[in-house]
Structures are given as C-alpha cells and as structure tokens.
Amino acid sequence: DSGVTQTPKHLITATGQRVTLRCSPRSGDLSVYWYQQSLDQGLQFLIQYYNGEERAKGNILERFSAQQFPDLHSELNLSSLELGDSALYFCASSVGLAGWETQYFGPGTRLLVL
Amino acid sequence: TQLLEQSPQFLSIQEGENLTVYCNSSSVFSSLQWYRQEPGEGPVLLVTVVTGGEVKKLKRLTFQFGDARKDSSLHITAAQTGDTGLYLCAGASVSNTGKLIFGQGTTLQVKP
C-alpha cells in the first residue's frame with residue numbers, strides 16, 4: 001500500500017460524457033502528479049501540482065483539467081470523452097517537487113469509454 | 001521533446017538466467033528512476049540514480065546511469081520467477097519539476 005488513494009477504481013461511461021477522478025496523496029506529501037497509461041502510449045505524464053499550484057504540464061489535452069485543493073487532494077476532470085481516452089489513470093505523490101524524489105503511485109482508476 | 005527508448009519490449013527467460021534491460025535517450029536527464037509494475041497496480045520505485053556513471057545494487061539487480069546521464073541499464077542476475085513483471089525506466093527533466101518521462105516498458109517473464 002503506497003498510501004495514495006484513488007477513487008473510483010473503475011469507471012465506465014459513454015462518449016461525450018464528463019468524469020472526475022479523485023486522488024488523496026500520502027500524508028505530508030505536497031506534490032501530486034497525474035499520469036495516463038494506455039497500451040499504445042505507455043505511461044504519460046499529464047500534470048503536476050505542488051501545494052495547490054500547477055507546477056508542470058505534459059501532453060494534457062484541453063478537454064482535461066485538474067486542480068489541487070487546500071487539503072492537498074486532487075481531482076482530474078475529463079470532459080467530452082472519446083473512445084481513445086479509455087486508459088488507466090494514475091495519481092502519484094511526493095514530498096517535494098524535485099524530479100529525483102520518490103513518487104508514490106496510487107492503484108489507478110481504470111476508465112472505459114464506450 | 002524528450003524521449004526514452006526502452007529495450008527489449010518483451011523478454012521471456014528461464015529461471016537462473018541473466019538479463020539486461022536498456023533505456024536510451026538523446027536527452028540529458030537530471031536523474032533516472034526504475035520502477036516495477038504488477039498487473040492492476042501502480043508502479044513501485046526500485047531505485048533512483050542521480051550521478052553520471054553511478055552504479056547501484058539492489059540484491060540481484062544492478063542499475064547503472066550512463067556517464068552523460070542520457071542512458072541507463074538494469075541487469076538482473078540469476079532471475080527468479082518472482083522477478084516477473086513490467087519494468088519501467090523514467091527520466092526526470094533537468095528543469096526543477098517532478099515531471100517524469102517514461103520508457104515504453106519491458107515485460108519480463110521468468111519461467112520455472
């Protein structure tokens with residue numbers, strides 16, 4: 001158990017819909033990261049928040065948005081869903097924001113868009 | 001765009017054999033991490049290498065960071081069935097963020 005929790009574990013929805021994925025970081029961790037893992041693209045960095053502020057952005061689609069709340073939990077919002085958005089979405093957390101720090105990954109949310 | 005090429009993508013060996021997984025890039029990374037991922041779970045960090053030329057050992061696993069900090073390798077000695085899984089390398093950007101660039105992964109199957 002990494003100490004990072006993600007809800008829901010599974011999500012099935014239809015094209016065009018909007019979903020929200022939730023992440024609670026490990027106690028004491030200020031950074032939260034979101035990653036997307038698919039068979040063809042592998043594990044792709046989406047976005048990083050540190051203590052409520054956006055810190056780094058990857059190839060995150062405009063239809064996707066995220067935020068980190070004052071209690072440090074984070075939400076990833078996916079809208080106008082397409083079939084290609086079906087993937088595993090991981091949240092990770094670390095104490096600080098440096099690249100060499102250990103990132104602890106949650107169990108992931110498996111999203112299926114039909 | 002920073003890319004990490006990981007090879008081989010698939011590896012099936014017998015228990016007791018040795019193997020090496022490679023991670024290569026044309027970009028410099030501030031550090032490189034190796035993760036292992038089990039089906040249905042998130043990746044778990046095995047090691048972080050920071051200094052060019054650094055070698056770290058974790059029991060039967062040996063990790064090396066290239067002198068120029070552009071490449072890395074993972075060597076497993078006398079593989080065991082418990083080593084079966086997906087191995088991922090990830091490079092940290094030289095900018096002061098936690099952004100990680102992941103390789104495509106190596107699926108290792110160790111047969112008894």
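Coordinates for the structure precede this section.
Since the model is a prediction, treat every value here as computed from it, not as a measurement. (Residues numbered from 1 in each chain as written. Chains lettered and ligands numbered in written order. Predicted model: local features only at pLDDT ≥ 70, side-chain atom pairs only at ≥ 80, totals over all residues. Heavy atoms only, no water.)

### Some words on the overall build of chain B
Stage number 1. Looking only at helices and strands, one finds zero helices and 11 strands in chain B.
Stage number 2. Considering only C-alpha atoms, chain B reaches an extent of 45 × 30 × 20 Å along its principal axes.
Stage number 3. Taking all 112 residues of chain B together, 46% fall into the buried category.
Stage number 4. Sequence separation of at least 24 residues holds for 56% of the intrachain contacts in chain B that already meet a minimum separation of 6.
Stage number 5. Carbon and sulfur atoms form 51% of the exposed surface of chain B, whose accessible area is close to 5300 Å².
Stage number 6. Side-chain charges in chain B split into 9 positive and 9 negative, and the spacing between the mean points of these groups amounts to 5 Å. (Helix = DSSP H or I, 4+ residues; strand = E, 2+ residues; numbered from the N terminus. Buried < 20%, exposed > 50% of the residue type's maximum accessible area, 1.4 Å probe, protein only. Contact = heavy atoms within 4.5 Å. Areas by Shrake-Rupley, 256 points an atom, 1.4 Å probe, with all protein chains shown as cover. Lys, Arg positive; Asp, Glu negative; His and termini not counted. Charge placed at Lys NZ, Arg CZ, Asp CG, Glu CD.)

### Notes on the interface of chain B and chain A
Stage number 1. At the interface, 21 residues of chain B touch 25 residues of chain A.
Stage number 2. Carbon and sulfur atoms make up 52% of the area that chain B and chain A hide from each other, which totals about 1600 Å².
Stage number 3. Scanning the region where chain B abuts chain A turns up zero salt bridges.
Stage number 4. Our count for the contact surface shared by chain B and chain A stands at seven residue pairs in polar contact (both at pLDDT 80 or more).
Stage number 5. Mapped by element, the contributors of at least two residues to the side of chain B that touches chain A are β4 (31-37), β5 (44-49), β9 (85-92) and β10 (100-102) of chain B.
Stage number 6. With four residues, the top contributor of residues to the side of chain B that touches chain A is β4 of chain B. (Buried area = accessible area lost by both parts, 1.4 Å probe. Salt bridge = Lys/Arg side-chain N within 4 Å of Asp/Glu carboxyl O. Polar contact = N/O pair within 3.5 Å; in protein donor to acceptor, adjacent residues only side chain to side chain.)

### Here we look at a nonpolar patch on the surface
Residue and element names in this part refer to chain A.
Stage number 1. Where nonpolar side chains cluster on the molecular surface, the patch consists of I12, L112 and L114 and spans about 310 Å² of accessible area.
Stage number 2. Residue placement: L112 occurs in strand β11 (residues 109-113).
Stage number 3. With a relative accessible area of 38%, L112 lands in the partly exposed category. (Patch = residues over 30% accessible without salt bridge, like charges linked within 9 Å, V, L, I, M, F, W, Y side chains within 5 Å.)

### Section: the sheet that holds strand β7 (residues 64-68) of chain A
Sheets are built from strands that pair by backbone hydrogen bonding, the pairs being arranged parallel or antiparallel.
Residues and elements named next belong to chain A.
Stage number 1. Here we have four strands laid out as an open sheet, ordered β1-β3-β8-β7, and antiparallel in their pairing. Two strands close off the open sheet at either side, each with one partner strand: β1 (5-7) and β7. Averaged over all pairs of adjacent strands, the angle between strand axes in this sheet comes to 15°, irrespective of strand direction.
Stage number 2. In this sheet, strand β3 (residues 19-24) lies alongside β1 in antiparallel orientation, the contact comprising three bridges. Bridge pairing in β3 links T5 to S24. (Pairing = 2+ DSSP bridges. Axes fitted to C-alpha atoms, helices over the stretch in contact; angles between N-to-C directions.)

### Things to note about the state of the cysteines
Residue and element names in this part refer to chain B.
Stage number 1. All told, the structure shown has two disulfides over all chains when counted by the stated rule.
Stage number 2. The disulfide partner of C23 is C89, and the gap between their sulfur atoms is 1.8 Å. Taking the sign of the S-S torsion, about 65° here, the bridge from C23 to C89 comes out right-handed. Of this pair, C23 sits in strand β3 (residues 19-24) while C89 sits in strand β9, placing them 66 residues apart in sequence. (Disulfide = S-S within 2.5 Å.)

So, to be careful, I would describe these as geometric facts and stop short of saying anything about function.
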